[in-house]
4 protein chains.
Amino acid sequence: LLDDDHFHDECGVVGIFEHPEASNLAYLGLYALQHRGQEAAGVVSTDGQEFYNHRGMGRVADVFSAKDIKRLKGNRAIGHVRYSTTGDSVLRNTQPLVINYRHGALSLAHNGNLVNARELREELERAGSIFHTDMDTEVILHLAARVDGKDAGERLAAALSQAKGAYSIVALTETRLIGVRDPLGFRPLVLGRLVESGGYVLASETCALDLIGAEFVRDIEAGEMVIISEKGIESRRPFAPVGRRMCVFEYIYFARPDSNLDGINVYNARKRIGHELAKLYPKDADIVVPVPDSGVAAAMGYAEATGIPFELGLIRNHYVGRTFIQPAQSVRDFGVKVKLNAMPSVLKGKRVVLVDDSIVRGTTSAKIVNLVRDAGAREVHFLVSSPPTTGPCHYGINTPDRSHLIAAQHSEEQIRKLINADSLGYLTMDALYRAMGSRETGYCDACFSGDYPIFKEIGAEERQLRLIKEG
Amino acid sequence: LLDDDHFHDECGVVGIFEHPEASNLAYLGLYALQHRGQEAAGVVSTDGQEFYNHRGMGRVADVFSAKDIKRLKGNRAIGHVRYSTTGDSVLRNTQPLVINYRHGALSLAHNGNLVNARELREELERAGSIFHTDMDTEVILHLAARVDGKDAGERLAAALSQAKGAYSIVALTETRLIGVRDPLGFRPLVLGRLVESGGYVLASETCALDLIGAEFVRDIEAGEMVIISEKGIESRRPFAPVGRRMCVFEYIYFARPDSNLDGINVYNARKRIGHELAKLYPKDADIVVPVPDSGVAAAMGYAEATGIPFELGLIRNHYVGRTFIQPAQSVRDFGVKVKLNAMPSVLKGKRVVLVDDSIVRGTTSAKIVNLVRDAGAREVHFLVSSPPTTGPCHYGINTPDRSHLIAAQHSEEQIRKLINADSLGYLTMDALYRAMGSRETGYCDACFSGDYPIFKEIGAEERQLRLIKEG
Amino acid sequence: LLDDDHFHDECGVVGIFEHPEASNLAYLGLYALQHRGQEAAGVVSTDGQEFYNHRGMGRVADVFSAKDIKRLKGNRAIGHVRYSTTGDSVLRNTQPLVINYRHGALSLAHNGNLVNARELREELERAGSIFHTDMDTEVILHLAARVDGKDAGERLAAALSQAKGAYSIVALTETRLIGVRDPLGFRPLVLGRLVESGGYVLASETCALDLIGAEFVRDIEAGEMVIISEKGIESRRPFAPVGRRMCVFEYIYFARPDSNLDGINVYNARKRIGHELAKLYPKDADIVVPVPDSGVAAAMGYAEATGIPFELGLIRNHYVGRTFIQPAQSVRDFGVKVKLNAMPSVLKGKRVVLVDDSIVRGTTSAKIVNLVRDAGAREVHFLVSSPPTTGPCHYGINTPDRSHLIAAQHSEEQIRKLINADSLGYLTMDALYRAMGSRETGYCDACFSGDYPIFKEIGAEERQLRLIKEG
Amino acid sequence: LLDDDHFHDECGVVGIFEHPEASNLAYLGLYALQHRGQEAAGVVSTDGQEFYNHRGMGRVADVFSAKDIKRLKGNRAIGHVRYSTTGDSVLRNTQPLVINYRHGALSLAHNGNLVNARELREELERAGSIFHTDMDTEVILHLAARVDGKDAGERLAAALSQAKGAYSIVALTETRLIGVRDPLGFRPLVLGRLVESGGYVLASETCALDLIGAEFVRDIEAGEMVIISEKGIESRRPFAPVGRRMCVFEYIYFARPDSNLDGINVYNARKRIGHELAKLYPKDADIVVPVPDSGVAAAMGYAEATGIPFELGLIRNHYVGRTFIQPAQSVRDFGVKVKLNAMPSVLKGKRVVLVDDSIVRGTTSAKIVNLVRDAGAREVHFLVSSPPTTGPCHYGINTPDRSHLIAAQHSEEQIRKLINADSLGYLTMDALYRAMGSRETGYCDACFSGDYPIFKEIGAEERQLRLIKEG
Ligand SMILES: Nc1ncnc2c1ncn2[C@@H]1O[C@H](COP(=O)(O)OP(=O)(O)O)[C@@H](O)[C@H]1O
Ligand SMILES: Nc1ncnc2c1ncn2[C@@H]1O[C@H](COP(=O)(O)OP(=O)(O)O)[C@@H](O)[C@H]1O
Ligand SMILES: Nc1ncnc2c1ncn2[C@@H]1O[C@H](COP(=O)(O)OP(=O)(O)O)[C@@H](O)[C@H]1O
Ligand SMILES: Nc1ncnc2c1ncn2[C@@H]1O[C@H](COP(=O)(O)OP(=O)(O)O)[C@@H](O)[C@H]1O
Ligand code: SF4
Ligand code: SF4
Ligand code: SF4
Ligand code: SF4
Ligand SMILES: [Mg+2]
Ligand SMILES: [Mg+2]
Ligand SMILES: [Mg+2]
Ligand SMILES: [Mg+2]
């Protein structure tokens, strides 16, 4: 696995209502959301009678053939991309799930994480439920099958009322496409319109709307449920209102720069973070070099604000897939070299400001600093476009244990030494919110601040739930 | 699809308890049971902690690689091969299923068919169950998760008490391998012993024991449940006793000739059927020719009893897989030619007694008679080693609608004309049971006699349950 | 590899001239010839302008998809199936080969073996030729490109005049389909007619004609070349006439029983061999049991002649592919059990005459005798439907080294002991030719008699030619 | 196919001498050279005795498994990546080729194009050569097999003396790795050293050395042949000296920015081109936006020189593979949208300087300008970092017919209108060479200037050579 030194988004979702090529559009939406998960992908479609599904391990382009898309009949479809660590990323744990229950069929794709999934699951099992997968999504489906409600929307709302945590969900029934975002609105979800067909699109990010030529309508709000049917769009507010707590890390790293989340363009936000870094750490340096791709926009902002020239001293090989065959007698720093190459002709003799989005375990950062020094840089000043990541995420982001978070275990000076930088500068919380415009809008920043909007159930060891492995 | 002009067995099952290479033995057992189902195969294994599973579409040899077998860790395993019609034979409908429920994990492989599956499913859905597949197996798992019981055996028994129909089941828990045969014992199930490892084997037919070098212990009896654990084997009788009704068609066609089912060797039974045909239809003919492979043993019996020479006038191409690429401008009788070739040097000018196991739609039989005539046969007398198939099977065998059963729609004389034979002779029920030894042992012969041991729920249209399709 | 205890045919060829679905018919012809080679298959087609080719490792059904067949455009095609030992059976060594040379394009498929291939190759290399493969076929192509001749037929004839050994060849040019059989006619080659399209078929065996609905016209004669073009068929005799020496082992084992080779039906020849065995070895036995499939016809002949009942005491699993996953702690006699199962209900207490086609290394025969004894046979008399195989074949059949041929190293009594039989009887040469009708027709029987019609070049170590391996 | 609106590099090559994991390093080298060809990849290795090869269609990561690499034994290896248009990119036309000839085995991988290939081929065919592929490489191998010479180097040199055109070749014999660059040195080739193993590396670009941790030694010079054997490196000058004519388009577009070609760093050269564009076209604009990735460095140079802010207004989806499934009812400008997304939050209301490397057919450029306008740009000034491409390349670059080159058919003003830009500015030849440092070093710029260093044989229609297609 190439990159385990990062927080990783766990999922992206998309939904299409009323388009003759619904599954093809869903597939393209997933294409645009590929950065949110590259381990598995799936689409479920319906013609109002039957449900069709195709899921597989790997990237969207590898999972779907033209023949697969053709078999996914009907005018409505939902799709899902998933990231997860190797061990668990088995076919049975891919989404969207589709089930039959007393009200017909129901399909669901989920981005997020329930903090009380284990508790709910145990309760459901005590009541006689059986589980085919390890996914929270299945818990939600079980709940929806057991509650009452006049329509699928009410049932889904009643089910989710028992769930705590983060969820941006798209759901498909015989007649409806439903989108719902948890009361705190951790993960993004947007609504678009297919002008020609008069249909609708739901997606994790606006970049998915752009690719399929859908018009942006608006963000689904925290705590909102939209129900799209032949009668049009209905908006509901099934949950008790609480303050919005959108994940601030989406802006810093997860989302695509060309997406707008809750009204804020990601690329511009990152550039403003660069401006803030310039104010915090005005360096006496020759060049500003980003760690591509995640460090590019912040580095540009820093260069713009300081006037220090912006240079691409590290070139990224975009053909690198998730795996490669490594020689046994390893080349020094091979793991990072396969992705990044440092240019002596740019770096030699230079005092370099290096900008990356975050430092998680610190191992990759150390190797990158090494590369830059080996290419002849005289000084390396490492600026991080986020505050120190001192805690794990419980809201749908894959994070290492706290014990592996370098910033949870070491002082900034220790980290500087460990990554062999001449200086190290993290973004401050205040600067972060200056860049975001305002703190008041309501963000989650728990992995930086320790201020967790929802607590995880005690002793929840997800691991123990997983008894079944793909052979 | 090569052969839709036959009744088809729906499944074969195997279970291994305590062998260091349990999954490999399960795989080999399925190899030996391949004739019972060639559409899909799967193995679930356990080391007592985790469950591993691998399933796929196609033949056993194609579904499993050495790597797959290696990943199926643990000393216990169950396996399943499945036949089904194309439309429904999707990956999600392959077995064994494995689920988590309040008592841990439970895996199940099932040969048979529940006649009240739909009813049970609707009840379960009303009680809040969700269904991921279209299989009866999932109904049984749901029931097992909802009943009480001191151990998995009791729970499975309680679940099955609500089920009506045919089931020969192998089940796997963290600590036990369970085998159970329905009260009427429609489908076979045998117990064997792995002498060296001291382990046990369950399998649909004895030929599976032979291949893996297991000693035959005994047939599981109708209505019996065996629970194999580290403490040894325990036999239970959880159901009210009713008379045995073993499927007589297993002897005529489904089972492998080298298997012994409930004490009777299949090959010998078929030869005795040939003797009976000789008594019923002593023909003035030059040669006896089987339709290979299913007609071979009965033809040998007929030849033996009549003294008419046995000849292989039809040669079967054993390399034929389930599919082939057919030319658009079709060769005459192509469908049957790809499987069978008629030899003029054997057949020319001869009066031929042709022996096959059954006539279902009649289309294939007509083509075969054609082939034999084209090869120069002067007369073709078609003998069938079963009574006329006048009804469908509800007990785990895939059968065409009654409207497609030639014997349900036509008189014998009409059939004779339709297949263009000079004479046609079916086995009689009495002759059948003389060949079987005794009628009293208790057999199902419903598809011949209309005497259905269990009625199917009214209006049960399995089709309607299937809303989800693999794209 | 399942079976290395046999002589193996190296190839089968087919050619189609003028049919709108030429490649589909070629594919079906290969299907029927699959028994002649299961390691690789290929088809080359032409529309008179371009040549299309598709080749792959494995069985015909696995190598070709409907899409592949569709891409093989044109009204003419040739095809090839190939057997070879694992090490060398790489993609680059599959046929038909297709090349461009000064006269356009030429494609060739070859069944046989040149005994002076190495010599020719060295000469060609000295003259500046380069070799992409290890195949004799490429040697022939090089020769054809260097000789003069008025048409492709003359060039091919001139090339083959330099070659010594066995070859039944089909060749394709822009305008012609050519078939040629070496002067001694070791390997079979037949001509058929596609009645409807008015086209022609060439094939190794008549069973290929039968499957595609082609009428048998005649055998290509030893030393004959036929040239099929829009003008019709032309027959040439480009080589100095020598006596025919058709491989007698084709009748005993290689060919399909339903084929007729040079006028003799294989099944009937095998039955007559059984009659001869009956005369040579009239046993006091209870049953005659064939080792299926190769022993069936001879066993039937033996039973017919002696009146001892013919029984299928060994059942063969026809689903066995070329490979399977073997447990490490091997089941006793596993290798043979995966293919054959012995039935105690047939064999127990019986004095058994076991009939097989040949004994090569003896290891398999020993295991089979074991199986039969373990199933309870009281006596096992092993009859072989060929004389002792005491030498290798140089004419296109894959054979073990002489040092591995049990009959080359041991007396019959020693062999009897080694395979643990109560008695052992080989066919005699005289009996063989009685069964074949006449010795005078001209057969090769070198691997039995040591009478090699053509000598192999001295010191020819084919191995040394092979420098390039597929990675 | 995503991108046919570009000149495309045809190949990249790599060679490894003396490393225990030679094939793994060759594979990694190809990984780094993936941008030079994504249609097919291959590696040939040798242990001095046998040659091993593995080739396949697709990207390096898809063509090679760990098992494949393991099978490619030996301490020496060469590799090749290839770009070509769909129709011809068949497995048989992948490299490296490996053949046997009178001196043993010889393997060759070639980047470039021979202008007299057809002529040579016809001559060779007249002399009796046969051709298995359509590649120039095979012509070279034939020549090498026919000439005299003391060693493989001399033979290869003698062969190449008959060839005209562009070739950067790596060749492998049992004992030597040979690298050779044609007298004009069109394509790059560099030498590196594996410090630890003491081995050597040849590669198309320095970025391949960087990835495998090899030290850059020097560029192979135009007309130089290096022979690497156990005795070390020998440099030969087998060809009559002519002036160097390195392809200038390598700097502008083909090569990776982090590579140094003949001493010049590509990224810096591109930035200097940006500076020149600034001098030529100082625009009154708000932002400079590159068409990523190829326009990035020049745009940065332009921004640097003009002081106009550099902004990423177009975001490129790097997960896009070579193909995707397109909806039938096409989204407007879908083809370019799947690769690029324009950001209104950056572009709205802005006067934009858009920088790309070249305009070939013009269709893509028009769509990109559209995208930028749709995102709200007020003005779009299109700057091209190369002179107008008015002619095809005959030296190894895949180019459309002259009739499809927009600059060959239209005036700049017409092009401006066709792509809907407010202004259009091409780099001038003089400015190009100012950026390159000097014209005197010797470059090919034929596709811009019409000054072809070598003429193509008359009437050479490569197409006609291609008679054989993969089915
Ligand atoms: N098409 C794109 N163009 C530029 N940046 C992108 C694109 N897609 C994703 N990103 C950004 O790239 C970053 C992830 O890439 P990168 O930093 O290169 O990888 P890694 O996760 O290995 O550090 C994220 O910040 C994401 O927002
Ligand atoms: N290995 C075997 N040898 C002989 N018969 C077999 C074997 N395996 C299965 N059979 C028998 O073959 C029959 C099915 O084959 P066959 O009649 O040839 O196919 P079809 O179903 O196409 O008629 C069944 O009666 C089954 O008992
Ligand atoms: N369709 C067929 N039906 C019967 N025999 C066949 C068929 N195809 C090939 N054969 C014969 O089967 C023999 C090879 O099969 P067999 O003896 O079963 O395999 P093995 O080579 O493993 O001994 C040959 O003699 C061949 O003539
Ligand atoms: N890893 C890399 N980083 C940046 N640029 C690269 C990289 N690899 C190749 N390139 C450059 O990218 C350009 C090709 O990419 P691009 O312009 O994005 O594609 P297209 O050929 O579709 O226009 C070339 O100029 C090449 O030099
Ligand atoms: S903990 Fe961090 S990654 Fe998780 S939602 Fe909060 S800000 Fe985002
Ligand atoms: S109905 Fe026929 S096939 Fe079904 S169980 Fe009864 S006898 Fe067997
Ligand atoms: S040596 Fe034997 S196998 Fe070879 S051609 Fe002669 S008879 Fe046939
Ligand atoms: S013609 Fe153009 S692309 Fe070709 S070598 Fe010359 S400069 Fe390069
Ligand atoms: Mg990054
Ligand atoms: Mg049959
Ligand atoms: Mg045999
Ligand atoms: Mg570009």
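Residues numbered from 1 in each chain as written. Chains lettered and ligands numbered in written order. Predicted model: local features only at pLDDT ≥ 70, side-chain atom pairs only at ≥ 80, totals over all residues. Heavy atoms only, no water.

Re the overall build of chain A
What counts here: Strands here are runs of E lasting at least two residues and helices are runs of H or I lasting at least four, both read from the DSSP assignment and numbered beginning at the N terminus. Using C-alpha atoms as the atom set, the radius of gyration is obtained and then compared with a globule rule of 2.2 Å times the number of residues to the power 0.38. Here's how the labels work: a residue is buried when its accessible area is under 20% of the maximum for its type, exposed when over 50%, partly exposed in between, all with a 1.4 Å probe on protein chains only. Any two residues having at least one pair of non-hydrogen atoms within 4.5 Å are treated as being in contact. Accessibility throughout is a Shrake-Rupley quantity obtained with a 1.4 Å probe, and a residue counts as covered only by protein chains that appear here. Charged residues are defined narrowly, with Lys and Arg counted positive, Asp and Glu counted negative, and His plus the chain ends left uncounted. Where a charge sits is defined by one atom per residue type, namely NZ (Lys), CZ (Arg), CG (Asp) or CD (Glu).
When its secondary structure is counted, chain A shows 18 helices and 26 strands. Since a compact globule built from 471 residues should have a radius of gyration of about 23 Å, the 23 Å found for chain A is in line with a globular shape. In terms of its C-alpha atoms, chain A occupies a principal-axis envelope of roughly 70 × 50 × 50 Å. When each of the 471 residues of chain A is scored for burial, the buried share is 68%. Across chain A, the fraction of contacts at a sequence separation of at least 24, relative to all contacts at a separation of at least 6, is 70%. When the accessible surface of chain A is summed, it comes to about 15,300 Å², and 47% of that surface belongs to carbon and sulfur atoms. A distance of 2 Å separates the average location of the 55 positive side-chain charges in chain A from that of its 60 negative side-chain charges.

Looking at the relation of the copies chain D and chain C
Which entries qualify depends on this criterion: In this comparison the copies share one frame, found by least squares on the C-alpha atoms of residues holding pLDDT of at least 70 in both.
Superposing chain D onto chain C requires a rotation of 180 degrees together with a translation of 0.1 Å along the rotation axis, leaving an RMSD of 0.0 Å. Each copy turns onto its partner about a two-fold axis. Measuring from the rotation axis to each C-alpha of chain D, the shortest distance belongs to D:Ser129, at 3.4 Å. Of the interface residues in chain D, 100% have counterparts in chain C that sit at the interface too, so the contact is made through matching surfaces.

Thoughts on the side chain of B:Asn100
Rules: In protein, a polar contact requires one atom able to donate a hydrogen and another able to accept it; more generally it is a pair of N or O atoms within 3.5 Å, and residues adjacent in sequence count only if both atoms are side-chain atoms.
Relative to the elements of secondary structure, B:Asn100 occurs in strand 6 (residues 97-101). Looking at B:Asn100, its side chain comes within polar contact range of the main-chain oxygen of B:Gly104, at 3.5 Å.

Brief notes about the interface of chain D and chain C
Counted only if it meets this: We count a salt bridge whenever a side-chain nitrogen from Lys or Arg sits within 4 Å of a carboxyl oxygen from Asp or Glu. When residue character is reported, Ala, Val, Leu, Ile, Met, Phe, Trp, Tyr, Cys and Pro are called nonpolar, Asp, Glu, Lys and Arg charged, and the others, Gly included, polar.
Contacts between the two partners involve 39 residues from chain D, matched on the other side by 39 residues from chain C. Run the count over chain D and chain C and you get 0 salt bridges. Counting the contacts that link chain D with chain C gives 6 residue pairs in polar contact (both at pLDDT 80 or more). Listing elements by their share of the side of chain D that touches chain C, those giving two or more residues are strand 4 (51-57), helix 3 (66-71), strand 6 (97-101), helix 4 (117-126), helix 5 (136-146) and strand 26 (468-470) of chain D. Across the side of chain D that touches chain C, the residue classes break down as 16 nonpolar, 9 polar and 14 charged.

A word on the site of ligand 8
Our working definition: A cutoff of 4 Å decides nearness: a residue is near a molecule or strand if any of its heavy atoms lies inside that distance of it.
Taken together, D:Phe186, D:Arg187, D:Cys247, D:Phe249, D:Cys393, D:Tyr395, D:Ile397, D:Cys444, D:Asp445, D:Ala446 and D:Cys447 are the residues near ligand 8. When its residues are assigned to classes, the shell around ligand 8 shows 9 nonpolar, no polar and 2 charged.

Some details on the pattern of salt bridges
Within the structure shown, the criterion is met by 109 salt bridges over all chains. Here A:Glu250 and A:Arg187 are joined by a salt bridge, their closest N and O atoms 2.8 Å apart. Taken together, the residues span a long stretch of sequence, with A:Glu250 in helix 8 (residues 249-254) and A:Arg187 in the loop between strand 9 (177-181) and strand 10 (190-194) at a distance of 63 residues. Judged by its relative accessible area of 0%, A:Arg187 is buried. Between C:Glu413 and C:Arg416 there is a salt bridge; the shortest N-O distance is 2.8 Å. On the criterion of helical spacing, the pair formed by C:Glu413 and C:Arg416 is a turn pair, its members being 3 residues apart in helix 15 (residues 412-418). Among the charged side chains, a salt-bridge network with shared partners connects A:Arg36, A:Arg187, A:Glu205 and A:Glu250.

With respect to the domain arrangement of chain A
One widely used convention gives an interface's size as the accessible area the parts lose upon coming together. Residues and elements named next belong to chain A. Stated precisely, the cut-off is as follows: Residue ranges assigned to the domains are those given by an automatic or database domain assignment. When two parts are brought into contact, each loses some accessible area as probed by a 1.4 Å sphere; the total of that loss over both is the buried area.
In terms of domain boundaries, chain A breaks down into domain 1 (8-245) and domain 2 (266-317 + 327-437). Each of domain 1 and domain 2 has a C-alpha centre, and the two are 35 Å apart. If you look at the interface, domain 1 gives 11 residues, while domain 2 gives 6 residues. For the pair domain 1 and domain 2, the summed buried area comes to about 740 Å², and 55% of that belongs to carbon and sulfur atoms. Our enumeration of links across domain 1 and domain 2 arrives at 2 residue pairs in polar contact (both at pLDDT 80 or more). Elements with a contribution of two residues or more to the side of domain 1 that touches domain 2: strand 1 (8-9) and strand 7 (104-114). Here the residues of the side of domain 1 that touches domain 2 are counted per class, giving 4 nonpolar, 4 polar and 3 charged.

Quick word on the environment of D:Arg378
Residue and element names in this part refer to chain D. For Arg-378, the location among the structural elements is in the loop between helix 13 (363-374) and strand 22 (379-384). With 24 residues separating them along the chain, Arg-378 and Arg-402 place their C-alpha atoms 33 Å apart. With residues up to four places along the chain from it excluded, the contact list for Arg-378 reads Asp-286, Gly-349, Lys-350, Arg-351, Arg-373 and Asp-422.

So, the interface of chain D and chain A
Between chain D and chain A, the residue contacts involve 58 residues of the former and 58 residues of the latter. Between chain D and chain A, a total of about 4,600 Å² is buried, with carbon and sulfur atoms accounting for 59% of that surface. Sorting the residues of chain D by area buried against chain A places D:Tyr31, D:Tyr319 and D:Ile325 first, and these three jointly supply 17% of that buried surface. At the boundary of chain D and chain A, one finds 2 salt bridges. At the boundary of chain D and chain A, one finds 21 residue pairs in polar contact (both at pLDDT 80 or more). Breaking the side of chain D that touches chain A down by element, the ones donating at least two residues are helix 1 (22-32), helix 3, helix 7 (206-211), helix 9 (266-280), helix 10 (296-306), helix 11 (334-337) and helix 12 (344-347) of chain D. Counting residues per element, the side of chain D that touches chain A draws most heavily on helix 1 of chain D, at 6 residues.

Observations regarding the pairing of strand 21 (residues 351-356) of chain C
Residue and element names in this part refer to chain C. Where we set the bar: One bridge is not enough; two strands pair if DSSP finds at least two bridges between them.
With 6 of 6 residues buried, strand 21 is to be regarded as a mostly interior element. Residues Arg-351, Val-353 and Val-355 of strand 21 are buried on one face, and the alternating residues Val-352, Leu-354 and Asp-356, pointing to the opposite face, are buried as well. Across 4 bridges, strand 18 (residues 287-290) lies against strand 21 in parallel orientation. By the bridge assignment, Ile-287 is partnered in strand 21 with Val-352. The pairing of strand 21 with strand 22 (residues 379-384) spans 6 bridges and is parallel.

Description of the sheet that holds strand 8 (residues 165-172) of chain D
All names here are of chain D. Test applied: Only the stretch in contact is used when a helix axis is fitted, and all axes are lines through C-alpha atoms; the angle between N-to-C directions ranges over 0 to 180 degrees.
Strand order in the open sheet formed by 6 strands is 6-7-8-9-13-14, and the pairing between neighbours is antiparallel. The outermost strands of the open sheet, each flanked by one partner alone, are strand 6 and strand 14 (232-236). When strand polarity is set aside, the average angle formed by the axes of neighbouring strands in this sheet is 20 degrees. Pairing between strand 7 (residues 104-114) and strand 8: 8 bridges, direction antiparallel. If you follow Leu-108 over to strand 8, its bridge partner there is Ala-171.

Looking at the relation of the copies chain D and chain A
The operation relating the two chain copies consists of a rotation about an axis and a shift along that axis. Aligned on chain A, chain D shows an RMSD of 0.1 Å; the corresponding rotation is 180 degrees and the shift along the axis is 0.0 Å. In this assembly, 100% of the residues forming the interface of chain D have copies in chain A that are likewise at the interface, indicating an isologous arrangement.

A look at helix 6 (residues 152-161) of chain C
All names here are of chain C. The element helix 6 is extensively covered by neighbouring structure, given that 7 of its 10 residues are classed as buried. Along helix 6, the residues that are buried comprise Ala-152, Gly-153, Arg-155, Leu-156, Ala-157, Ala-159 and Leu-160. One side-chain oxygen at the N-terminal end of helix 6 lies 3.0 Å from the backbone nitrogen of Gly-153; it belongs to Asp-151.

With respect to the site of ligand 4
A:Arg316, D:Tyr253, D:Ala255, D:Ser294 and D:Arg316 are the nearest of the 15 residues found near ligand 4. More than one chain approaches ligand 4, the contributing ones being chains A and D. Here an oxygen atom of ligand 4 sits 2.9 Å away from a polar atom, N or O, in the side chain of D:Arg270. Relative to its unbound accessible surface of 550 Å², ligand 4 loses 86% to contact with the protein.

Section: the confidence of the model for chain A
Residues and elements named next belong to chain A. How we decide: As a per-residue measure, pLDDT tells how confident the predictor is, with possible values from 0 to 100.
Looking at chain A as a whole, the pLDDT averages 92, with 93% of positions reaching at least 70. In the model, residues 85-89 has pLDDT below 50 throughout and makes 8 contacts with residues more than four positions away in sequence or in other chains. In this model residues 457-468 is a low-confidence stretch, pLDDT under 50, and it forms 30 contacts with partners more than four residues away in sequence or in other chains.

Observations concerning the nonpolar core
Rules: Residues belong to a common nonpolar core when they are buried Ala, Val, Leu, Ile, Met, Phe, Trp, Tyr or Cys residues joined through side-chain atoms within 4.5 Å.
Membership of the largest hydrophobic core comes to 176 residues, with the highest contact counts inside it found for A:Leu354, A:Tyr395, D:Leu354 and D:Tyr395. Those residues in contact with D:Tyr395 that lie beyond four places of it in its chain are D:Gly112, D:Asn113, D:Val115, D:Ala166, D:Phe186, D:Arg187, D:Cys444, D:Ala446, D:Tyr452, D:Pro453 and D:Ile454. Ranked by size, the runner-up nonpolar core spans 175 residues in total, among them B:Val355, C:Leu184, C:Leu261 and C:Val372.

A look at the packing of aromatic side chains
Put simply, the rule reads: When two rings of Phe, Tyr or Trp (its six-membered ring) have centres within 6.5 Å they constitute a pair, described as stacked for plane angles under 30 degrees, edge-to-face for angles over 60, and tilted for the intermediate range. Counted as over-ring charges are cases with an Arg CZ or a Lys NZ within 6 Å of the ring centre that also lie within 35 degrees of the ring normal.
Tallying each qualifying case throughout the model produces 46 aromatic pairs over all chains. Ring plane angle 75 degrees and centroid distance 5.9 Å describe the contact between A:Tyr27 and A:Phe64, whose orientation is recorded as edge-to-face. Here A:Phe64 lies in the loop between helix 2 (60-63) and helix 3 (66-71) and A:Tyr27 lies in helix 1 (residues 22-32), a separation of 37 residues in the sequence. Accessibility expressed as a relative area gives 4% for A:Phe64, which makes it buried. When the ring centre of B:Tyr443 is taken as origin, the NZ or CZ atom of B:Arg244, which lies over that ring, is 5.0 Å away.

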